[in-house]
Amino acid sequence: MLANPRIWQGQAGEQSLPGLASGYPKLDRQLPGGGWPQNALTEILLEHYGSGELKLLMPALAHLSRPRDDATEAGWITWVAPPFAPYPPALEQWGVNLSRVLIVRPKKPSETLWAAEQALSSGNCAAVLLWPQALDDAASRRLQLAAEKGQSWGIAFRSLKARSQPSAAALRIRLSAGGTDLGILKSRGGRPAIVRDYAD
Amino acid sequence: MSTSDKSPVMPREAAPTPSVKRRRSVKPEQQALTLAPVMQPGPPPLEIDAIRRLWLCIHLPALPLEALGSADEAKAVFEECKGIRRTLLANAKARSAGIRPGISINAALALVPTLLLEERNQHRETETLKKLAGWAEKFTSFVCIEAPSLLLLEIAGSLKLFGGVKALRQHIVAGLDSQGFHAAVAIAPTPLAATWLARAGRKVCILDARNLRGKLAPLSIACLYWPDSVEASLKGMGVSCIGEALRLPRQGFARRFGAARLLELDRALGRLPDPRVNYRAPERFAADCDLQEEQSDSELLLNVCEELLTRLENFLLVRQMAVQHLLFRFFHLQSPATHLALGCVQADRATQHWFDLLKIKFERLSLPAPVIAIQLRAGRTQYCSAETETLPFNQRAKPQNNLSIAHLAERLSARIGDESVHGIAMVAEHRPQYAWRRQDVCNDVPHCASMPDYRLQHGSPGLLEEIRRNNSLMLQRPLWVLEEPRLLATENGLPVCDGILKLIDGPERLETGWWDDDGIARDYFVAQNPKGVHLWVYRDRKEKGGRWFLHGMFG
């Protein structure tokens, strides 16, 4: 019966890209496509900086920053307005290719969004990490569109207070204070879930 | 480009004065021409072999007018001479209204009250000639500027490339025409002959030096631009054209009018070499654009800037060069000029790229007053080779090269400042605060601690896993560091940061750097605060009591 072309299948319409493996199998199982959504914006909501938000991304970023095969070159990872200095020895321990890291420190909040949009839509960056002071619905939509245009992966780190705000991000994840548990608040093509001790 | 050499034409004969020339002409026709006493040295013989060059002369009779830009209305240029301002040149519309060169400007204004009058600007004329010389360099490598309104191009080496004399000449005339210059072009084997023919407005093309004499003979001596006194006395002798002047006895001619005049005639006929100096365009680009009136419309100013950038691109393109720094200057009538500097990571010459950068910076530039002129100066030029396009049948994806990320970095730094966009690298150093540094993007210098990096790049994927497993053996380093360690309060001897910290790993004692003035003596710990955040703290052992500092977060 499913072979009948006249029968509409809800899932088939969604032509989703395979996800980018996060390096944490427990998390990958909960995400549609088996990993981080590609060419899209991901939001990570956290209580305060330093609660394991970089550790969550490091395996995927390390993978992106290295040449995967002959056809794809190593991708650039742009950090827009990081709250502290990313420490190269630790990045290297995680396997990130330091020669592919670009740090941008805008002086004004409006420049953060502008720089992130430029980086996302340029098509040169494999991933763009940004720490905006505020990100309203329209801005998140712009970033999402820029990520689609530049085939890049945008990651916005936001305060947990932004949880109730609407957002155009394809994936929203809440990180617990200790950094051990994850709550998937929104996932395009997937469903909300809670992942405890995702790193195990 | 022509293949002829760049060096100026060197004289083959040592002394150019006719008296030193000793070889006598024995040809009957020349004996007849020189009517000279037997004792007198005859004219030097024509050395056909020595003349392998071909000169194209561009004469711009209306340069004083054309250098000031074109106008739709009646326009004239005037010059002050002995206190009287007389019109020098007038455009077609003014001429049709009856304005003739030489009439006073009052008379001209009486004829056409709306006449645009501008004073002759010789500086502008020189600049225009230089600009044209730069343009003419695409036809030949040997261009020389003959003041005040002449360009000489040595074209013998360019004929094959441009498809012959006729095609090349058409090419040049059409190019001049499209730039708004009315030119008289003549071609001859000697530069002086070409000059005189062009001045006379003869659109001739002489390829054989033997024909020079016949073609030059009917030209008026006014084309020679000799001093008025010389011209008057020649006229008084009944000599009005070059042919008649050539018939005069050589020694007498030299005595009356100076050996230099005779030398000129000999050079024009190809009897003596005529060395010229090649024009060398400056290695750096500089151009300016005068606006007709003060402008504050940013769109219009940007258009002018784009035009300047296009000229820059053309300048660089013929030289296979690129620049890294540009400086725009916006001049105002009342206040000092506004400067706008542009820089990029990789030398570039594309108009579009520079224009994009300019737009970003220009948006944020506040001009104190309307702009009257814009100047563009380029920094040092660098050699730049164009990249090869990927062939269509080559299925391999076009690699993301450093160049494109460089463009992104430029765009970002153009708006938010140069020091705000950078890459990072490791430094082999035990002191944590010195274990890294900022570096320019696209700087391909391998960083020091690249041993594991090397293995990762050249090893199998299994190696990555191996190194990750070894991570636990490595020293614990946080992903976030504070640029300045933050002093922590203490409670019962333990540091406090959002609650009392629990030390879970450490100490790692670092005591080094005594050789410079920034030595450290610290015990580093991995600590956890009550919320579960992992912190990197240290106790400073230099002081008694040991204050605690927060240096990083494991993130």
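Residues numbered from 1 in each chain as written. Chains lettered and ligands numbered in written order. Predicted model: local features only at pLDDT ≥ 70, side-chain atom pairs only at ≥ 80, totals over all residues.

A closer look at the overall build of chain A
Thinking step 1. A tally of regular secondary structure across chain A gives six helices and nine strands.
Thinking step 2. Within chain A, counting contacts between residues at least 6 apart in sequence, those at least 24 apart form 66% of the total. (Helix = DSSP H or I, 4+ residues; strand = E, 2+ residues; numbered from the N terminus. Contact = placed C-beta atoms within 7 Å.)

Comments concerning the overall build of chain B
Thinking step 1. Counting its secondary structure elements, chain B contains 18 helices and 20 strands.
Thinking step 2. Within chain B, buried positions represent 32% of all 555 residues.
Thinking step 3. In chain B, the share of contacts with a sequence separation of at least 24, taken over all contacts with a separation of at least 6, comes to 56%. (Buried ≥ 20, exposed ≤ 12 C-beta atoms within 10 Å, placed from the backbone.)

A closer look at the interface of chain B and chain A
Thinking step 1. Chain B puts 46 residues into the contact, and the matching count from chain A is 40 residues.
Thinking step 2. Of all the elements in the fold, those that place two or more residues in the side of chain B that touches chain A are helix 16 (402-416), strand 13 (421-426), helix 17 (451-458), helix 18 (461-470), strand 15 (480-491) and strand 20 (548-553) of chain B.
Thinking step 3. Top contributing element to the side of chain B that touches chain A by residue count: helix 16 of chain B, with eight residues.
Thinking step 4. Considered class by class, the residues forming the side of chain B that touches chain A number 28 nonpolar, eleven polar and seven charged.
Thinking step 5. Relative to strand 13 of chain B, strand 4 (residues 101-104) of chain A runs antiparallel, the two being bridged by three bridges. Counted as the bridge partner of valine 104 of chain A is valine 421 of chain B from strand 13 of chain B. (Nonpolar A, V, L, I, M, F, W, Y, C, P; charged D, E, K, R; others polar. Pairing = 2+ DSSP bridges.)

What to know about the pairing of strand 11 (residues 371-378) of chain B
All names here are of chain B.
Thinking step 1. With six bridges joining them, strand 8 (residues 286-295) and strand 11 adopt antiparallel strand pairing. Bridging from a neighbouring strand, alanine 287 pairs with leucine 376 of strand 11.
Thinking step 2. Both strand 9 (residues 321-331) and strand 11 contribute to a ladder of six bridges, which runs antiparallel. Of the residues in strand 11, the one forming a bridge with phenylalanine 331 is alanine 373.

Quick word on helix 13 (residues 259-268) of chain B
Residue and element names in this part refer to chain B.
Thinking step 1. Within helix 13, the full set of buried residues consists of Leu262, Leu265, Asp266 and Ala268. Take helix 13 and look down its axis: the buried residues cluster within an arc of 165 degrees, on one side only.
Thinking step 2. Contacts made by the buried residues of helix 13 are with helix 8 (191-199), helix 9 (212-216), helix 11 (242-246) and helix 12 (250-257).
Thinking step 3. In the stretch just after helix 13, glycine 270 is the one whose phi turns positive, near 85 degrees. (Arc of directions from axis to C-beta.)

Focus on the sheet that holds strand 6 (residues 150-154) of chain B
All names here are of chain B.
Thinking step 1. Here we have four strands laid out as an open sheet, ordered 5-6-1-7, and antiparallel in their pairing. Looking at the sheet topology across the chains shown, the edges are occupied by strand 5 (143-146) and strand 7 (184-188). Between one strand axis and the next, the sheet turns by 20 degrees as a mean value, whatever way the strands run.
Thinking step 2. Where strand 5 lies against strand 6, four bridges are found, and the strand directions are antiparallel. Considered in strand 6, the bridge of valine 143 is made with leucine 153. (Axes fitted to C-alpha atoms, helices over the stretch in contact; angles between N-to-C directions.)

What to know about the nonpolar core
Thinking step 1. Core analysis: the biggest nonpolar cluster contains 86 residues, and Leu61, Val80, Ala116, Ala127 and Val128 of chain A together with Val537 of chain B have the highest contact counts within it.
Thinking step 2. With eight residues, the single largest contributor to this core is helix 3 (residues 53-64) of chain A.
Thinking step 3. Those residues in contact with alanine 127 of chain A, other than ones at most four positions away along the chain, are Leu61, Leu64, Gly75, Ile77, Ser152, Trp153 and Ile155 of chain A.
Thinking step 4. Within the second largest apolar cluster, 66 residues are counted, among which are Cys57, Leu60, Ile99 and Ala136 of chain B. (Core = buried A, V, L, I, M, F, W, Y, C linked by C-beta atoms within 7 Å.)

Some words on helix 5 (residues 109-122) of chain A
Thinking step 1. Relative to the 20 Å expected for 14 residues at 1.5 Å per residue, helix 5 of chain A spans 20 Å between its end C-alpha atoms, a close match to the ideal helical length.
Thinking step 2. With eleven of 14 residues buried, helix 5 of chain A is to be regarded as a mostly interior element. (Expected span 1.5 Å × (residues − 1).)

Regarding the sheet that holds strand 3 (residues 84-90) of chain B
Residues and elements named next belong to chain B.
Thinking step 1. A sheet is described by the order of its strands in space; here three strands give the open sequence 3-2-4, paired in mixed fashion. Looking at the sheet topology across the chains shown, the edges are occupied by strand 3 and strand 4 (116-119). For this sheet, the mean inter-axis angle between neighbouring strands, taken without regard to orientation, is 40 degrees.
Thinking step 2. Of the strand pairs in this sheet, strand 2 (residues 75-81) and strand 4 are connected by four bridges, and their pairing is parallel. Bridge pairing in strand 4 places alanine 76 opposite leucine 117.

Overview of the confidence of the model for chain B
Residues and elements named next belong to chain B.
Thinking step 1. Overall, the prediction assigns chain B a mean pLDDT of 79, with 81% of residues at 70 or greater.
Thinking step 2. Counted against residues more than four places away or in other chains, residues 395-402, with its pLDDT under 50, gives eight contacts.
Thinking step 3. Under a pLDDT of 50 for its full length, residues 444-461 has, in the predicted model, 17 contacts with residues more than four places off or in other chains.
Thinking step 4. Scoring of the predicted complex yields 0.59 for pTM and 0.88 for ipTM. (pLDDT = per-residue confidence, 0-100.)

Observations concerning the packing of helix 8 of chain B against helix 13 of chain B
Residue and element names in this part refer to chain B.
Thinking step 1. Helix 13 packs onto helix 8 with a crossing angle of 95 degrees between their chain directions and a minimal axis gap of 6 Å. Between helix 8 and helix 13, the angle is such that the two are roughly perpendicular. Across the interface between the two elements, Leu192, Ala193 and Trp196 of helix 8 pack against Glu264, Arg267 and Ala268 of helix 13.
Thinking step 2. Among the residues forming the contact of helix 8 with helix 13, the class breakdown is four nonpolar, no polar and two charged. (Parallel < 35°, antiparallel > 145°, perpendicular 65-115°, else oblique.)

Overview of the packing of helix 12 of chain B against helix 13 of chain B
Residues and elements named next belong to chain B.
Thinking step 1. Look at helix 12 against helix 13: their axes get within 6 Å of each other, and the N-to-C directions meet at 125 degrees. Compared by their axis directions, helix 12 and helix 13 come out oblique. On helix 13, the residues that touch Arg250, Phe253, Ala254 and Phe257 of helix 12 are Ala259, Arg261 and Leu262.

Some thoughts on unusual backbone geometry
All names here are of chain A.
Thinking step 1. One non-glycine residue with positive phi stands out, namely glutamine 151, at about 50 degrees.
Thinking step 2. Structurally, glutamine 151 is set in the loop between helix 6 (137-150) and strand 6 (153-159).
Thinking step 3. Classification of glutamine 151 by C-beta neighbours within 10 Å gives partly exposed; the count is 14.
Thinking step 4. One non-glycine residue with positive phi stands out, namely aspartate 197, at about 45 degrees.
Thinking step 5. With respect to the helices, strands and loops of the structure, aspartate 197 is situated in the segment after strand 9 (193-195).
Thinking step 6. Here aspartate 197 falls in the exposed class, since 10 other C-beta atoms lie within 10 Å of it.

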